[in-house]
Each structure stands twice: as structure tokens, then as C-alpha cells.
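Structural characterization, general
As a plain string of letters, each chain reads:
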Amino acid sequence: MSDYLLEVEGVSKEFPGVKALDDMRVNLRHGEVLALVGENGAGKSTLMKLLSGVYTADSGTFRLNGEPLEVLGPKDAQEKGISIIFQEFNLMPHLTVAQNIFIGREPRSGVFLSDRALNKEAAELIDRLGLPLDVRARVGDLTVAKQQMVEIAKALSHDAKVLIMDEPTAALNDAEVQTLHDLIRRFKSPDTGVIYISHRMDELKAISDRITVIRDGRYVDTLDTRETTLREVISLMVGRAITSDAKPENVRPDRAVLLEVEGLSTKELLKDVSFELREGEILGFAGLMGAGRTEVARAIVGADRISAGTIRLRGREIAVHNPADAARHRIGYLSEDRKALGLLLEQDVSANIGLSSLAERFSRFGFVDFGAVRERAQAMVKTLSIKTPSVSQTVKFLSGGNQQKVVIAKWLVKDCDVLIFDEPTRGIDVGAKEEIYALLNELAEQGKSIVMISSELPEVLRMSHRVVVMTEGRVSGVLEHHEATQERVMHLATLRPDENVADATELGLVPAAATSGQPNDTDPEVGDR
Amino acid sequence: MSTLNTAAETAAMPSWLGGLKSRLQQLLAFASLIVIFAFFSIANSTFFTYGNVTSILFSTVVIGTLALGTTFVIITGGIDLSIGTGMTLCAVMAGVFITNWDLPIWLGILGAVLFGGLIGLVNGVNIALLKIPPFIATLAMMLVAQGLALVISHSAPIYFSDHPGYVKISTGNLLGFDFPNAVLVLLAATVICAIVLNRTILGRYTFSIGSNEEATALSGINVRRWKILIYTLAGLFIGLAGVMISARLASAQPATGQGYELQAIAAVVIGGTSLAGGKGSIVGTLIGALIISVLNNGLQIMSIPQEWQNVILGVVILVAVYADMIRKKEA
């Protein structure tokens, strides 16, 4: 028997413009749970897609039990004993548990499907795994946790050797997490292994044997879970050298509060989100994927319905039912998904820039003054140095950076006081990023109040006057720029201090009162929830 | 990085060329119209005569009017299936107003047109506020209108025999020579639609909603309100078509109307308006409607049976849409 169950050695994968994986290494031992951790975009999903045969590696080798492994596609992966449970389940909600488990290989009698054989086989499997599932239940009627069990049962019905789980607990409550962990422990055997991808640091201690940290598509280190601290893991995760020494500009404590958000909640995710945005300030929003940052933005501009909370602008409560109301109050939202939610791709630069203020600025009696729109668009193209042959150019032909500038121009023409940027530099090349940063600083200096949601920590740290950190739909802390370090932001982004007292204490995140006078080096607001 | 390269190359393309490309479908439709027209003129000597050409124009009026309003709806990415039977309902309402209630003709016409607007308003509310898919909402309205037309008219035609003035709206010769008023109405409606679509905020938002409804909403535009307005506008043209068809027939025929919606949608599509939304033109729609009438008329003159006319029309729609897709791929 070889030393490792699964070996990933020197694997690289390049996509146009990005090196997603570079000399990646992962070694999974027999009978262990290996946690794979890394920031957003570290390369976890690319690695999974390579293992499931969705992508092919540019170079490098995979070995299963010492034998070279070549995966041709998801079905092939399953047949070879690698089962992957993605965050998005692959289940048919209208079919029963048994039908889902055996989809594509239903037992038959003659030409007809045999429901009896199907349910019997499924029941045997469910029994063996000790899952609380009714094989005849419709999957769509089950809770998320039970749906996940169906996924796991389906994976294990293929006689999996390697089980890979992507953020399996993202939608589970604590009791359900316990059940899942029990199941994983039962699955572990001398000839199987589990790769457990998670952002929840506290869970790694509970379930994993070793932790492999990856960063920016590269292997960083593998640690023994028992001998490491969360602090160490986090500093490895964020430990990239900051290449720019740019610092937030014009940070001042005396700014007046412009926008106050209090107790914002939604049915889906947000819980009691409160923060203040000051005049001329850049307020960074940090957090991991799914922490609820975009949802906060959408709730503020009325794109999503809120279940509770108030929004005050210059001290006066405003009612925002839709983005049109928000725009009337001069609040603009620049989506992370420019192409789907920010631009009219098939229309020209001028139409896009004029869109938000057409009724207000560029029309009389319902007739549009296209000359005025063009003029204004031309002026904006000049001010923001948007590279386009003319304002009649179709927006889809512009580069990402210039498209972003078109969206910014649209809201500047609308004369917004509050600009909410969601991932303002996503998909933009390095040079253009600097231009966007300069522009944001300039806008703030002109007195615009800016919310900047970003998944790139260095970006958050170099731009933000203050940083709001979110986790699981809640604000877990607000840091002044001098307190904000990569480590501290990551702590706040990965922990649930209220539910994990021991971990929170280890990281000094519990308010002084609760830890009997232990020195507390974080912002008092952190524990104040 | 192939996608970026093509983007960069295309970016270097002068913008007037882009403008030309977007006119191509219109040019294509116009060229097809000429070709079809020339073909019939050569094939049959009775085709290219003053009488026949005016008769083609005359027969374009109803489909054309319906197609004009529907163009707005289709540019938003929606569809309106209620225009055919909705038109019949409006025709019946014109009969109720003018023949049964004896209202002045102008008031009857206004009433019928506004009634069309009401049909559109209901469609708009169902689609924009209740979020019922346009196909379903207008399919339901198609049935409702069909039924109501029969209920209100007691399933009997309403004649305008006592109101020759009403019939003149369609068949009179305001110009003083043999040229039906109905065609003038269609031309006026076309001009108005072209202005609304190309010059007004409503027109801009029609394109914006069709290009990207969510981005338009996030840009601070009250998309729901504008969609209701757009369906209402299309409804006004349903009403106008109802007036035109009942004036032409000198009666409101409550059992007719179905099938017109498909012809009108075909006209819009042949004219280069994309069913996916965001693109389209009024002139294209007019050309599309003309192509359909020319085909119908020419094939009839050549004594090709009605059944085959439908087959040919179906093929023309396929060719037109396929040509549009090819063009988009190249662009």
C-alpha cells in the first residue's frame, strides 16, 4: 500500500490572464480528514474541478493509492472512487430520496423500472450509513441538512474512496454540523479519506486531522491539527506579502455621519446589521464569500426586501422600496457583476452613462435630448479617461476597467452622495486597478461617501478609512484603519465568537468583561453584539 | 486569451461601422421586400398595378397597427398574445359605443382605443406587479378578450350601417383620389411610434429594459411602472386596430381575431426585432408587415392555395430569424 491515498503533485492550471493553480500539492493519508483552507480565490474550487474532471490540469500528476490517476469527467471520477459534494447540490427536488441516490442506474425488471428494488437498495444503504432519511420522501421537501445527507448517501453508494466536501456546513445549524461530523467519522476507514474544505476555523479543530493551507493558487503548508493554533492557520492563510505600501488617504476622525444603517435584517441571511457611513469616507466591507456583504448593499438600495431595520440619511429616516427610491436619495449601487447587473452591454457608452439621469437631467416633456447626453458622456469619458473610440461604442467591446468606469460615470452623472462599490476591481487588470483606486480616493476627497465591498484583503486595507467585517450575515466587527490588519480581519471573518467561546478567547475576541479582565487588543465594538 | 483579443480588435472598429451593422437587418428585410415584390411583378402582370398595390397597403393596416404596438412589448423582452382577440373586443366595444349607445363617432373611437389601453394596462399590471410571465398573462387575456367579445355582443356581429362616417375612417379617400384613409392612419401611427421609440424616455427605457432589466432597475429606474406603461401603449394600438378592422368590415365580428396576434408577431420578428429583447425598430416592423401582405397577396394572385400560403409564411419567418442569428454571431 502506498503512503498516501490521494496525491496531487506539482499541479498547475492557467486560465486566460490568471494562474489559478501553481505547483499545487495535496497529500491525503489513509483514514484521515484533511482540511483544505484558503482565502477567496486561493484555488480550492479549481482544484476540485480538476479532481472531478471538469477541467484538465496543464501540468502535474495525480495518484490514487500510488497509481497514476486520470479523471475524464465527473462520472469517471465517481467510478474511480472520488466523490465530490459541492456546495450547490446536484439533486432533483421532485424525485424521492431513493430515486436521487440511484439516478442514472435505476434497478430494473425487464424494461420497466423496479421501484421495489430501488427502495430496498436505497433503504439498505441509508441503514448502513445510519442516516435519518425516508427513502420515499421527496427531496424538495427535506431540510438542507437532510438534502446534504442524500448527496452524501449518493456519493457513498458509488463506493467512494475519497470524499471531498466543499463548505459542507455553510447552511447547517450546530446540531446538524454534529450529525455531519459523526457521519464523516463513520466513513473514515483505513482505505478511505476525506478532504474537507471549510472557512469555519472552529470546525477544523473538531473534525480534521491535518490542515493544508493554500494561498493564491500555491501550496503553503500542512499542519497537524492538534499541534497548531487557529492563529497560526490564519496567519498562513493571509500571509501574503503586501506589494503596495499605499495607505488609505485623508483619514480623519471628525467626519459627520451621513448614512446610518440600524438593525438591517432579511429573511434569507442578514441579521441585525448596523453601521455608520461618514461624509467623504471610504468604508471597507470585508468578509468571506457568502458573508452577506452584497446582500447588505442590495438591501440598502431596495433591490431586496428587508424584514427589519432602518436607514437614516443625514439623520432622517428614509423609505427605500426599490433602487429608484435609493437613486432619488442619491444612493447608487455598483454591482459586483457588472455585465449582468451593471451595464446594458449591447448599448453604447452614452446610453449607459445617461441611463440613471435620463428623466431628471436629459429630457423635456418626455423627449430625450440626445445631444446633451452625448456631451455629458463625452465629458465623463474625458474626466475618467475611459478608453473608447467614441461614446457610440457598444459597451461590450470595452475592457473590464473601462466598463467599470462607465458604471461609475453613470452614477456620477446622477450626482450620488453615497456610492456602494461591490468588488470594484473584480476582473480588472493591475494597471486599471490603480486607476480605480485613485478614482475612489478622489471621489472621497470630493466629499462622496463610499462603501467598498471587497474580497481582496490588501485592497480593503489600502483603501478603507474603516473596515466593517461580516460573517454569516452579521457584522462581526468594525475596525479603524490603524487597527485593521490582515490577521485581525480574517479572525473576524472566520469566527463566530458568540458560539465558540474557547476559540474566541484564544484569539482575544471576547469582550473584557466576559474574560475576567484578560487584556483585549481588539476594538470594543467587536464583542459588542 | 481569445475573447479579449476579439474584444480589442472589435474595439478598434470605427463606430459608424457598428451603426451600419445594426441597420443591416433592416436593410436585409427591405431588400427581401423588394425582391419578393419584383418576383411577383414579373410572375404575374396583375400584381404591379395601382389597384393591387393599394390593396396590399390596405390589407397591411390591421396587422401593421397591431405589430407597431407589439414592437415595444417585444423590445422589452416580453410578448403579447392578447392583441388579436383584444382587437376584436375593442371592435365590439366600438360597436357598443357607436351603434348601441349612439355616441358620437369620435367619442366611440376614443372609447374603443382607450378600452384597448385598458386591456394593455391589465396585462402590464399582471406582468410587472404580479410577475406573471408575459406569455401566460397575455394568453389568459387572449381568452378573456375572446370570451368577453362574444358575451358583450351576444355572439352576433354589430353593424355600423347607420354610421357611414365610421366606415369612411377606413375606406374613405381623404386625399381626394383613390387612396384609402386606413393606409394614412397606419402611416401616421408608424411615424408616432418611431418618434416615441427613438426620441422619448419611454423609448429609451423600452430598449434598456430589454437589454438588461435588472441592470436598468439597479440604475434607479422604476422598471415596473415603465413596463405597465409600455403594455398600456401597446394596448392603445390594439384599440386602434379594433377601430380599423371594424370600420373596414362595417361591422364588429365577435368571432374573429384569433391568429392576428401570430401574424403581427411574425411581422415584428421579420422586421428584425429580437424576441430576446433590447433590439428592434418601427420601420423594420412596418417592412415586416408589408412582406407578409405582399406574400399573401402575391400568392393569392398566383392562385396558390391558402394552405400553401401559410407554409411559405412559416418558412419566411424561419429564414428571417435565422438570418438575424447569423448576423448576431458575426457582429
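Residues numbered from 1 in each chain as written. Chains lettered and ligands numbered in written order. Predicted model: local features only at pLDDT ≥ 70, side-chain atom pairs only at ≥ 80, totals over all residues.

With respect to the overall build of chain B
Within chain B one finds 14 helices and two strands. Taken over the C-alpha trace, chain B has a radius of gyration of 20 Å; the compact-globule value for 331 residues is 20 Å, and the two agree within 12%. Seen through its C-alpha atoms, chain B measures out along the principal axes to roughly 75 × 55 × 35 Å. Put simply, 79% of the contacts in chain B that link residues at least 6 apart link residues at least 24 apart. (Helix = DSSP H or I, 4+ residues; strand = E, 2+ residues; numbered from the N terminus. Rg over C-alpha atoms; globule rule 2.2 N^0.38 Å. Contact = placed C-beta atoms within 7 Å.)

Quick word on the interface of chain A and chain B
Of the residues lining the interface, 35 residues belong to chain A; the matching set on chain B comes to 27 residues. Take the side of chain A that touches chain B: its biggest share by element is four residues, from helix α10 (residues 323-328) of chain A. Classifying every residue of the side of chain A that touches chain B by side-chain character gives 20 nonpolar, 12 polar and three charged. (Nonpolar A, V, L, I, M, F, W, Y, C, P; charged D, E, K, R; others polar.)

As for the pairing of strand β1 (residues 4-15) of chain A
Residue and element names in this part refer to chain A. Sheet analysis places β1 next to strand β2 (residues 18-29), joined by eight bridges and oriented antiparallel. What sits directly across from Val11, in β2, is Met24. Here β1 pairs with strand β4 (residues 59-64) via five bridges, running antiparallel. In the sheet register, Glu9 faces β4, and the bridge partner there is Thr61. (Pairing = 2+ DSSP bridges.)

Considerations on the packing of helix α4 (residues 115-129) of chain A against helix α5 (residues 144-157) of chain A
All names here are of chain A. In contact at an axis separation of 10 Å, α4 and α5 are set at 105 degrees when each is read in the N-to-C sense. One way to sum up the angle between α4 and α5 is to call them roughly perpendicular. Touching Leu125, Ile126 and Leu129 of α4 are Ala153, Leu156 and Ser157, all from α5. When the residues that make up the contact of α4 with α5 are grouped by side-chain class, the tally is five nonpolar, one polar and no charged. (Axes fitted to C-alpha atoms, helices over the stretch in contact; angles between N-to-C directions. Parallel < 35°, antiparallel > 145°, perpendicular 65-115°, else oblique.)

What to know about the nonpolar core
Among the nonpolar cores identified, the biggest contains 244 residues, and A:Val489 and B:Leu66 are the most heavily contacted of them. A total of 16 residues in this core trace back to one element, the largest contributor, which is helix α11 (residues 223-249) of chain B. Residue-level mapping places this core at the junction of two domains, with at least three residues from each of domain 1 (1-81 + 160-241) and domain 2 (91-158) of chain A. Beyond its immediate stretch of four places on either side in the chain, A:Val489 contacts A:Ala286, A:Leu457, A:Val460, A:Val467, A:Val469, A:Leu479 and A:Ala484. (Core = buried A, V, L, I, M, F, W, Y, C linked by C-beta atoms within 7 Å. Buried ≥ 20, exposed ≤ 12 C-beta atoms within 10 Å, placed from the backbone. Domains from an automatic or database assignment.)

Let's talk about the environment of B:Ile265
Tracing the chain through its elements places B:Ile265 in helix α12 (residues 260-270). Remark: the alpha-carbon pair of B:Ile265 and B:Ala289, spanning 24 residues in sequence, is separated by 9.3 Å.

A few points about the sheet that holds strand β5 (residues 67-68) of chain A
Picture the strands of a sheet paired through backbone hydrogen bonds; they go either parallel or antiparallel. Residues and elements named next belong to chain A. Pairing is antiparallel in the open sheet, where four strands are placed in the order β2-β1-β4-β5. Edge strands, defined here as strands with exactly one partner in the open sheet, are β2 and β5. Across the face of the sheet, helix α1 (residues 44-51) comes into contact with β1 and β2 while running at roughly 70 degrees to β2.

Concerning unusual backbone geometry
Positive phi is not limited to glycine here, since A:Asp159 has a value of about 65 degrees. Along the chain, A:Asp159 falls in the loop between α5 and β9 (162-166). Positive phi outside glycine occurs at B:Asp102, with the angle close to 60 degrees. In this structure, B:Asp102 sits in the loop between α4 (83-100) and α5 (105-129).

Section: the confidence of the model for chain B
Confidence in the prediction for chain B averages 90 pLDDT; 91% of positions are at 70 or higher. As a predicted assembly, this complex carries a pTM of 0.78 together with an ipTM value of 0.84. (pLDDT = per-residue confidence, 0-100.)

As for the sheet that holds strand β10 (residues 193-197) of chain A
Residue and element names in this part refer to chain A. The mixed open sheet is built from six strands, whose spatial order is β6-β9-β10-β3-β11-β12. With partners counted over all chains shown, the strands left at the sheet margins are β6 (82-85) and β12 (218-224), one partner each. Each adjacent strand pair in this sheet contributes to an overall mean axis angle of 20 degrees, direction not counted. Note: strand β3 (residues 33-37) against β10, four bridges, orientation parallel. Across the sheet, Leu36 pairs through a bridge with Ile197, a residue of β10. Against the sheet, helix α8 (residues 230-238) contacts β3, β11 (210-215) and β12, and its axis sits at roughly 25 degrees relative to β11.

Quick notes on the environment of A:Val162
Residue and element names in this part refer to chain A. By the secondary structure assignment, Val162 is in strand β9. Sequence separation between Val162 and Ala484 is 322 residues; the distance between their C-alpha atoms is 39 Å. Those residues in contact with Val162 that lie beyond four places of it in its chain are Leu5, Leu6, Leu28, Gly81, Ile82, Gly193 and Ile195.

What about the pairing of β10(A)?
Residues and elements named next belong to chain A. With five of five residues buried, β10 lies mostly within the body of the structure. Burial along β10 is two-sided: the face carrying Gly193, Ile195 and Ile197 and the face carrying Val194 and Tyr196 are both buried. Judged from the five bridges that link them, β9 and β10 form a sheet pairing that is parallel. Within β10, the position partnered with Met165 by the bridge is Tyr196. Regarding the hand of the β-α-β motif, the stretch spanning β9, helix α6 (residues 174-187) and β10 is right-handed. (Right-handed = clockwise from strand over helix to strand, strands pointing away.)

A look at the environment of B:Leu103
Residues and elements named next belong to chain B. Position of Leu103 among the secondary structure elements: in the loop between α4 and α5. Its 16 C-beta neighbours within 10 Å are what place Leu103 among the partly exposed residues. Setting aside chain neighbours within four positions, we find Leu103 in contact with Phe97, Ile98 and Gly108.

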